[in-house]
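In case you want the letters, here they are:
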Amino acid sequence: MNTAVPSSSDGKKDAGPRQPKKGSLRPSHWPFIIPALVVVGGVIVFPWIFTLWMSVNGWQIGVEQHFVGLTNYQRLLTDARFIDSMGRTLSYTALSVIAPLFLGTLAALIFNTKLPGRGILRGIFVMPMMATPVAIALVWTMMFHPQLGILNYLLSLVGIGPQEWVFHPATVIPSLVLVETWQWTPLVMLIVLGGLASLPAEPYESASLDGASGWQKFRFITFPMIIPFLLIATMIRTIDALKSFDIIYAITQGGPGTASETINLYLYSVAFTYYDVGYGSAIAVVFFILIIALSLLLIYLRQRTSWLLGDA
Amino acid sequence: MAAVQIADVRKTFGTTHVIRGVDVDIEDGEFVILVGPSGCGKSTLLRMIAGLESITSGEIRIGNRVVNDVPPKDRDIAMVFQNYALYPHMNVADNMAFSLKLKNAPKSEIETRINRAATILGLTELLDRYPRQLSGGQRQRVAMGRAIVRDPQVFLFDEPLSNLDAKLRVSMRAEIKDLHQRLKTTTVYVTHDQIEAMTMAEKIVVMHDGIVEQIGAPLELYDHPANLFVACFIGSPSMNVLKGRVELGEFITAGGVRLPLEKTPPSALGKPAVYGVRPEHLKLSADGVPGKVLVIEPTGSETQVVVEVDGQPITCLLRERVAIQRGDTISVRADPALVHLFDAETGKRLTD
Amino acid sequence: MSLAKIFRKLGLVFAVFLIVSPALLFFIWMVSLSVKFEIDNGAYPPILIPEHFAWKNYTSVFESNNFLLYFKNSIIVTGAATLFGLIVGVPAGYGIARMNAQKSAIIIMIARMTPGLSFLIPLFLIFKGLDMLGTLWPQIIIHLVVTVPIVIWIMIGYFETTPIELEEAAMIDGANRWQIFMKVAMPIAKPGIVVSFILSVIFSWNNFVFGVVLASRETRTLPVAIYNMLSFEQVSWGPLAAAALIVTLPVLILTVAAQRQIVAGLTAGAVKGG
């Protein structure tokens, strides 16, 4: 990937003046990177490879480690609990992407105006995503309490009967999505706000001269121009929602029963409750592929839209 | 101080040839300006002298030493960058002291040198300011101060005035020239502005497309441009050129206008050629060539008149104030002794 | 005209209130829960501000359950992982930016996508094999998965924007590559170092999943400790909310105090992340 080893890169094409070349008098920058390479290799790349290797081995507590080929993967295909968790993960992710995306865009439009105390308000707005997830989860658990929780009291104020929230299989996923949305809408807001800040002023000025209304300006100018940012937000949100762990684990531990058990929680149980490391690794690999596949799809969409917008 | 010799230097980026064989001799203490349009390779050449770019082939010597493989820090040179490249996190004094501190120079010496440079450049009051608190001209001076304290063998300037406004540029021009006369350090200066080159240089190197078009003293280039490129590049407003052919004693343009010549170079006889005359060498004269006035631009000290001759706009620079209007027909005449002739194919000078 | 303007202004203020209130009300309620006695926390309708404040909720948190030990653990793990992340990540960001090797940063994008658990399984086995699980080292090391990518990612962006001429000037002034880095590049990129410091502190401090697996009773960090309070030791809400607030308070203070840097860092990272 790099062409920067000074002694071996003669005849390389298209090297800008920045790039060290043969006979260059600029010192190499490799020494700056090597420590990080060691660390990244040790705690990031090595675990990837090791996981892949473990996934084709039988590796359980009390059992001798042995090569089993694709058995672990075959087992996944018939594991109802895994397949259910997969479906749950996808619906949880879909909801946890759409809701923050919608609300975050709305919030960004509001924050993109001149208002007094914008910095402080933005600071408060961002707090949910920076706060310690487990601490947040504890308080939400109290708020979800069917008898004593404040949420049911608030519902009663508007005439809605008490709900069981995270304590009932039918409502547990939407309730967790509520927390996830509350927590991560700010990130979408920040990304879209960054996008709005980068928009040029001229199209708006000329649109005003053309007599466009506020809605028309949003529909025909703002929205098309922030699509790339919306796609970035979608991608980050998708990755994070798929990987969501702290909130779900701390509030429900995948319950009631397995009603909120996503892939990540199932993976945790298999690897660290049952200590079935080989099988857990296979789940991790499939999970990882799922994340990468969805990300690539979104990257592909982003490139297409940037191309359409002419700023690729 | 040292001489700089550039011998058959070439530079390629991949398949792009940026410098295509350049030879320049710079004498000890000389002020040399590399000038040319953007992309001609002048900055690359300067950066090669500095050691910021590698040399693909050829040789650069500073003093008696071939420096091709010497890193910048060991070349004993100082450079002033286009955007000054002042260290934003250091005040003026620290900016100037940086190179000396790296050399572990004794504190007292650093102080003496900084004070001397600050006095020369009028920076004494600004020593504890930060670059962001300075005006463009002051930053420029600090950048020069940083070069001066080093007391290097060669000063390199890379378009140092192009970020300044027009008025400041004129005064800085004088200042740099004055500085050179005081310090007598060999200086290589890059600019795309031919006026800067004409006013400051002892020797100008005109570059174009990675080669040297001509080397010479400013007025030599102005009076005897070696080729059409130099003729058109040096001088403002630039030289008028007309295509045509050379006959005995006269030049006949493509449109059949006859222009008298003082001497006819025998080799050029009957050949297609280019006729060049500087705007200030044209005069109003009844026996001249008639042309319709297109534009009149009086500046007070002189009047610039564009007339149409042979279907082409010809610029005349007249010292006198004239009572003519757009659309009038006037006659202009070139002094045959001051006319330049160039080969139409090669662009080489035909007269001498 | 001016009346319409006033209405628009009011509408905007209302909209802002609406959009900020879920966050604001949540944290107000969190504080309220933490200062109420059990009887007030169980009251219906709920009480926001109690007659008697239960300050003992806070004192009891500090008195009980090794809380100070866990606090110390959190500081050591976050501090060490952040410090090491900066020592390794800042030069790396510099090297990558200067070598124009931005493509190599894709590995960091993929690391960002990888579920934490898939780092945990192999590293857990190794730490177990090396018999390190009773110490804080496993957590410090695995927190590098969080801190190193954040630092590298942010620093690449900052070093890319520092003009190369400054370093060329330093080169001509006689600096070698370390001097250029230490005395020119790094001081100029100080804002970036601050941003990456803040973000890696926050994300390391908040991390839960690594601790759940790797921490023993003596090596728990705060998020793991309060989770365990919930499941094993405490059922009363007041002390629990107080503990939760203490755990997250440093992060919240940092967020509000440095919101500008955080916003800059997160959006830069996110926007570039595409």
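Values in this document were obtained by computation on a predicted structure and should not be read as measured data. (Residues numbered from 1 in each chain as written. Chains lettered and ligands numbered in written order. Predicted model: local features only at pLDDT ≥ 70, side-chain atom pairs only at ≥ 80, totals over all residues. Heavy atoms only, no water.)

### Structural notes on the packing of helix α4 (residues 67-98) of chain C against helix α10 (residues 190-206) of chain C
Residue and element names in this part refer to chain C. Viewed as axis vectors pointing N to C, α4 and α10 meet at an angle of 140°, and their least axial separation amounts to 9 Å. Compared by their axis directions, α4 and α10 come out oblique. Remark: the crossing between α4 and α10 carries right-handed chirality. Contacts from F71, S74, I75, V77, T78, A81, T82, L86 and V90 of α4 reach α10 at I193, S196, F197, S200, V201, S204 and W205. Tallied by class, residues from the contact of α4 with α10 come to ten nonpolar, six polar and no charged. (Axes fitted to C-alpha atoms, helices over the stretch in contact; angles between N-to-C directions. Helix = DSSP H or I, 4+ residues; strand = E, 2+ residues; numbered from the N terminus. Parallel < 35°, antiparallel > 145°, perpendicular 65-115°, else oblique. Left-handed = near helix turned anticlockwise from the far one by under 90°. Contact = heavy atoms within 4.5 Å. Nonpolar A, V, L, I, M, F, W, Y, C, P; charged D, E, K, R; others polar.)

### Digging into helix α5 (residues 133-144) of chain A
All names here are of chain A. The terminal C-alpha atoms of α5, which comprises twelve residues, lie 16 Å apart, in line with the 16 Å expected from a rise of 1.5 Å per residue. Within α5, twelve of the twelve residues are buried, which leaves the element mostly enclosed by the surrounding structure. Every buried residue of α5 is accounted for by P133, V134, A135, I136, A137, L138, V139, W140, T141, M142, M143 and F144. (Expected span 1.5 Å × (residues − 1). Buried < 20%, exposed > 50% of the residue type's maximum accessible area, 1.4 Å probe, protein only.)

### Looking at a negative patch on the surface
On the surface, a cluster of negative charge is made up of B:D23, B:D25, B:E27 and B:D28. Looking at the element boundaries, B:D23 is found in strand β2 (residues 16-26). (Patch = residues over 30% accessible without salt bridge, like charges linked within 9 Å, V, L, I, M, F, W, Y side chains within 5 Å. Areas by Shrake-Rupley, 256 points an atom, 1.4 Å probe, with all protein chains shown as cover. Salt bridge = Lys/Arg side-chain N within 4 Å of Asp/Glu carboxyl O. Lys, Arg positive; Asp, Glu negative; His and termini not counted. Charge placed at Lys NZ, Arg CZ, Asp CG, Glu CD.)

### Looking at the interface of chain B and chain C
Between chain B and chain C, the contact holds 21 residues from the first and 16 residues from the second. Taking both sides of the interface into account, the surface hidden between chain B and chain C amounts to around 1,600 Å²; carbon and sulfur atoms contribute 68%. Summed over the shared surface of chain B and chain C, the number is two salt bridges. Between C:E168 and B:R47 there is a salt bridge, with its nearest N and O atoms 2.6 Å apart. If you look at where chain B meets chain C, you find five residue pairs in polar contact (both at pLDDT 80 or more). Contributing elements (two or more residues each) for the side of chain B that touches chain C: α1 (42-50), β6 (77-80), α2 (92-102) and α4 (136-150) of chain B. Each residue belonging to the side of chain B that touches chain C can be placed in one class, and the counts come to 14 nonpolar, three polar and four charged. (Buried area = accessible area lost by both parts, 1.4 Å probe. Polar contact = N/O pair within 3.5 Å; in protein donor to acceptor, adjacent residues only side chain to side chain.)

### Re the pattern of salt bridges
Applying the stated criterion across every chain yields a total of 21 salt bridges over all chains. Between B:K42 and B:E159 there is a salt bridge, with its nearest N and O atoms 3.8 Å apart. Of this pair, B:K42 sits in helix α1 while B:E159 sits in the loop between β7 (154-158) and α5 (166-183); the two residues are 117 residues apart in sequence, bridging distant segments of the chain. Relative accessible area serves as the criterion here: at 4%, B:K42 is assigned to the buried category. Because the salt bridges share partners, they merge into one network encompassing B:K11, B:R47, B:E53 and C:E168.

### Focus on the layout of surface pockets
Put simply, the largest pocket is a space of about 730 Å³. Elements with a minimum of two residues in the lining of the largest pocket: α3 (80-111), α4 (118-130), α5, α6 (150-157) and α7 (169-197) of chain A together with α1 (2-34) of chain C. Sorting elements by how many residues they give to the lining of the largest pocket places α1(C) first, with ten residues. Broken down by class, the residue content of the lining of the largest pocket amounts to 24 nonpolar, three polar and no charged. (1 Å grid on protein atoms, 1.4 Å probe; cavity = no way out; pocket = protein on both sides within 12 Å on 5 of 7 lines; lining within 4 Å. Points joined across faces, edges and corners; volume = space filled by probe spheres on them.)

### A look at the packing of aromatic side chains
The tally for this structure, following the rule as stated, stands at 38 aromatic pairs over all chains. Taken together, a centroid distance of 5.8 Å and an interplanar angle of 35° make the contact between A:W215 and A:F218 tilted. Pair noted here: A:W215 and A:F218 are both in helix α9 (residues 214-243), with a separation of three residues, about one helical turn. For the pair A:Y249 and C:F208, a centre-to-centre distance of 5.8 Å together with 50° between the ring planes defines the contact as tilted. With A:Y249 in helix α10 (residues 246-251) and C:F208 in the loop between α10 and α11 (209-214), this pair bridges two chains. Residues A:Y249 and C:F208 agree in their burial class; the two are buried. A connected cluster of aromatic rings, assembled from ring pairs, spans A:F245, A:Y249, A:Y268, A:F272, A:Y275, C:F124, C:F208 and C:Y227. (Phe/Tyr/Trp six-rings, centres within 6.5 Å; stacked < 30°, edge-to-face > 60°.)

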